Amino acid sequence: MIRHTDIDVQIQEFAAAIGDREPIAIEGNRTRWSLGGDLQPDVRTLTAPSGIAEYTPAEMTVQVGCGTLVSELHDELAKAGQRTALPERGGTVGGAVVVGQNHMCLLGRGRLRDSVLNVRYVSAEGQIVSCGGPTVKNVSGFDLPRLMVGSLGTLGNLADVILRTNPIPTHSRWLVSDDVDPFAIQKTIYRPSSILWDGTFTWVLLEGSEQAVNEEHDKLSAIAAFEPSTEMPVLPEHRWSVHPNDLRFPGQFGESFVASIGVGTVWGANAQPKRNIEPGVERVASRLKNNFDPTGRLNPGRVPGRI
Amino acid sequence: MNRAVDALRKRWKRPVPGETGQLIRELRTALTKDRVKYDAAQRTLLSHDASIYAGGDAGPVCYPTSTNEVASIMQIAERHGRSVVPRGAGTGLTGGAVPMDEPVVIALNKMNRILEIDAENRIAWVEAGVVNLDLTKELRPLGLHFAPDPSSQQVCTIGGNVANNAGGPHCLAYGVTGAHVLAIEVVLPGGDVVTLGGLEPEPPGYDLRGAFVGSEGTLGIATRVAVALTPNPPETKTLLLAFAEPANAAATVSSIIASGIVPAALEVMDQRITVAVENFVNAGYPTDAGAILLTEVDGLQPNVDVDVEQIIHLGNKHGSTSIRVAEDETERKALWKGRKAALGAIAQIMPDYYLHDTVVPRSKLATVLEQIYDIAERHELLVMNFFHAGDGNLHPVLAFDAREPGVMERVHAAGAEIVQVSIEAGGVLSGEHGIGVEKQKFMKLLFTDDDLDHQNRLRISFDPSCRANPGKVMPIGHSCADIASLRAIPKGVWG
């Protein structure tokens, strides 16, 4: 078990630095800094507490400061043969949580929003608030951790989180084919960890025991020629989130695209048009923002859902 | 038994006599006469749920058949200043559906249509009143299923599963209801109809869908739900491991998880419940074992074979006295029938029982179990334990005879101590039953006043007038109404 006992001290200092007035934004590694709009000028920025606070592999949970790099977290978890659903893109744990974008291999890793068990954050009034629970299963009260995922830090300043971990499969293999219907893959094999399609090539990630990976490879080979792949597709700039069926109509994504089949995430040359939020939902969201941040001091300028 | 309900009742204004007649007339105009009931039999029937909390007080009972009708009911109730309580099959165990002070009860049982199954994209739209197992039966020919499988799945509804974020034996590997809900059509307390979440992987804006799941009817009423469908595993193996002591079973569970295996299920039953079940359904359980561990692994056959071998190794390492792998589907079903019939089996021993639900870290299972046996003994109660060991979700059953004078006080006292030791072990109040009225008073054991204040902020964002299932979840002193009156929302701050 790993335990850094200073996380509570760090959070106290974090709360004191945030205080209870004036606009504030928490800075991760700025890998998705422009999401949700530009930060208002002259806003003070802070970094979140960092380090792994507690990790017991047999509990399949890890408590980690939000300023920790995802790569550092995963390096530590890998020593015990585990990983999380967070994407590893150079950013911090807190950044990944408040951005809320899933790992490219969502089918194998699970959704990020389901992996966040507990969140401690510093509120707009400077209080340290804890929500969720430390166990993998918990329905004690309202589920605020879900709200924090994808909130862009507009409801609270995230300090630390408890994440569910998962075992790293003993074997994994990327395969590629230029001669297969990508939509046939899920009908052919059981729960691939990722299916990516760029209009010509289809990449499939198989994970499990060596024999299981071999058998799934054989099943794929029965429908098309698949080769092991060492090179992954280059992902175009813009991220889309669409109904998985819309992937059958890729023209909208631009001249180049990579689509996650069975999921609905697309990286396209074109930007995704603004997605509408129903007026009734907007009204609830507006009340929520006002209730959590009455003076509008948290990450001003950013609005979840705004590109 | 009714103390919790009575205490809460004092906070809500009772309806003025004579007003109910006009309310019923308007409801019957919006629906039909036969679908708005106010007879004594209906009101008594719907005054309680499957919990030990009686003493509810139902107002008019409505059986809508469409979202528009639910919206009309909400609007009428609002005009009359009446609260609303949604209801599925009434299988909740914490009093979440117990009505107080004659609210309009909205029973969703007639909204039970499976609207659309998109097998290609593994999504189904269902009405909230669809029974959990009915959906899975419908999906069987397509090789798919709805993963949450609470013990009441033969009767509980998808809407109820959403309200309580239901789990079940197989949520260790597959996740609880929230992980399988993509979008929810909700009628808000004012009558607005909204869709929370979406079928795309990252819907825009705040995850109000996630906040709604598990909110026990306090944020609005779910009328339709888009659920994710899970492919049936090509191979499933079920193992029965017997041990001399529950501690050996608990240690085996921790070792299995630490070894990198995530079984589909890991269920432990102590000797008392094992004997009761065996007498009840002849599941083939070893009655001389101190505890049994029912384990299921599924997926691709080579992965399953590796996992089975490893589980047998770990079971032997922790002193298993016998290990059996179900040889066919009949044997597998018999093993599961025993587990699913556990509550029914208790009726042979005592006429009443109180089923608890807390979660502790897996590493603390054995310690907390010992404490639970001690607590029961001190209170002169019979306790039996069967639980979802893989996720540390304990379900101690206190069996008793309610006719015995003073027994309810002992049951409640023992229950409170079980919660206390679970929290002290680093656990939480509930794994899958929710808070309802049962555990409101314990919320402060887990959360600070600031934590609870923020939960309330979410609550009033959906329901500013606090009319959706009031008096549930939040503890007294942190009620929605108490807080709402204190906080004025500044205009124009955001959005």
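Only a predicted model underlies this, so the values are computations on that prediction, with no experimental measurement involved. Per chain, residue numbering runs from 1 following the sequence as it is written. Note on labels: chains are lettered from A, ligands numbered from 1, in written order. Local features in a predicted model are, by the rule used here, given only for residues with pLDDT of at least 70; side-chain atom pairs are given and counted only at 80 or more, and totals for whole chains, interfaces and linings are based on all residues. Only hydrogens and water are set aside; all other atoms, that is, all heavy atoms of the structure, feed into the side-chain values.

> Sorry, what's going on with the packing of aromatic side chains here?
For any pair of aromatic rings, the description consists of the separation of the ring centres together with the inter-plane angle of the planes. A pair of aromatic rings is counted whenever rings of Phe, Tyr or Trp (Trp by its six-membered ring) have centres within 6.5 Å, and the orientation is called stacked for planes under 30 degrees apart, edge-to-face for over 60 and tilted otherwise. Within this structure, the stated rule accounts for five aromatic pairs over all chains. For the pair W197 of chain A and F257 of chain A, a centre-to-centre distance of 5.4 Å together with 75 degrees between the ring planes defines the contact as edge-to-face. With W197 of chain A in strand β12 (residues 194-197) and F257 of chain A in strand β16 (residues 257-260), the pair connects residues that are 60 residues apart, well separated along the chain. Here the aromatic cluster, defined as three or more aromatic residues joined through ring pairs, consists of F183, W197, W240, F253 and F257 of chain A. Our definition puts a charge over a ring when NZ of Lys or CZ of Arg is within 6 Å of the ring centre and also within 35 degrees of the ring normal. We note R248 of chain A situated over the ring of F183 of chain A; from NZ or CZ to the ring centre the distance is 4.1 Å. Sitting over the ring of Y63 of chain B, K110 of chain B keeps its end group 5.8 Å from the ring centre. Only DSSP runs of H or I with at least four residues qualify as helices, and only runs of E with at least two residues qualify as strands; both kinds are numbered from the N terminus onward.

> Would you take a moment to explain the sheet that holds strand β6 (residues 123-127) of chain B for this structure?
The strands that make up a sheet pair up through hydrogen bonds in the backbone, lying either parallel or antiparallel. Residues and elements named next belong to chain B. Taken in spatial order, the five strands line up as β5-β6-β10-β8-β9 in an open sheet, and their pairing is antiparallel. At either end of the open sheet lies a strand with only one pairing partner, and these are β5 (114-118) and β9 (193-197). Averaged over all adjacent pairs, the angle separating strand axes in this sheet is 15 degrees, with direction ignored. Only strands joined by at least two bridges in the DSSP assignment are considered to pair. The pairing of strand β8 (residues 181-187) with β9 spans five bridges and is antiparallel. The residue bridging V186 from the neighbouring strand is V194, located in β9. Two residues qualify as a contact provided that any one of their heavy atoms is within 4.5 Å of a heavy atom in the partner residue. The axes used here are C-alpha line fits, helices contributing only the stretch in contact, and every angle between their N-to-C directions lies in the interval 0 to 180 degrees. Across the sheet, helix α5 (residues 132-139) is in contact with β5, β6 and β10 (221-228); its angle to β5 comes to roughly 40 degrees.

> Is there a simple way to think about helix α10 (residues 271-281) of chain B in this case?
An α-helical turn contains 3.6 residues, so a residue and the one three or four places further along point in the same direction. Residues and elements named next belong to chain B. I273, T274, A276, V277, E278 and V281 are the residues of α10 that are buried. Taken together, the buried residues of α10 touch β13 (265-270), β14 (291-299), α12 (329-340), α13 (342-346) and β18 (382-388). What qualifies as a polar contact is a pair of N or O atoms within 3.5 Å, subject to a donor-acceptor requirement within protein and to the restriction that residues adjacent in sequence count only when both atoms come from side chains. Structurally, the start of α10 carries an N-cap: the backbone nitrogen of R272 is 3.3 Å from a side-chain oxygen of D270. After α10 finishes, the residue N282 shows a positive phi value of roughly 50 degrees. Residue exposure (1.4 Å probe, protein chains only): buried if accessible area is under 20% of the type maximum, exposed if over 50%, otherwise partly exposed.

> Could you clarify how one ought to interpret the interface of chain B and chain A in this entry?
Interfaces are often sized by the amount of accessible area the parts lose when they come together. At the junction of the two partners, chain B supplies 95 residues and chain A supplies 83 residues. Accessible surface is computed with a 1.4 Å probe, and the buried area is the amount of it that two parts give up when combined, taken over both parts together. Together chain B and chain A conceal approximately 7,100 Å² of surface at their shared face, both sides included; 58% is due to carbon and sulfur atoms. Salt-bridge detection follows one rule: a side-chain nitrogen of Lys or Arg within 4 Å of a carboxyl oxygen of Asp or Glu. Counting across the chain B and chain A interface gives eight salt bridges. A salt bridge links E120 of chain B to K187 of chain A; the shortest N-O distance between them is 3.3 Å. Taken together, the links from chain B to chain A amount to 31 residue pairs in polar contact (both at pLDDT 80 or more).

The analysis is restricted to geometry; functional conclusions fall outside its scope.
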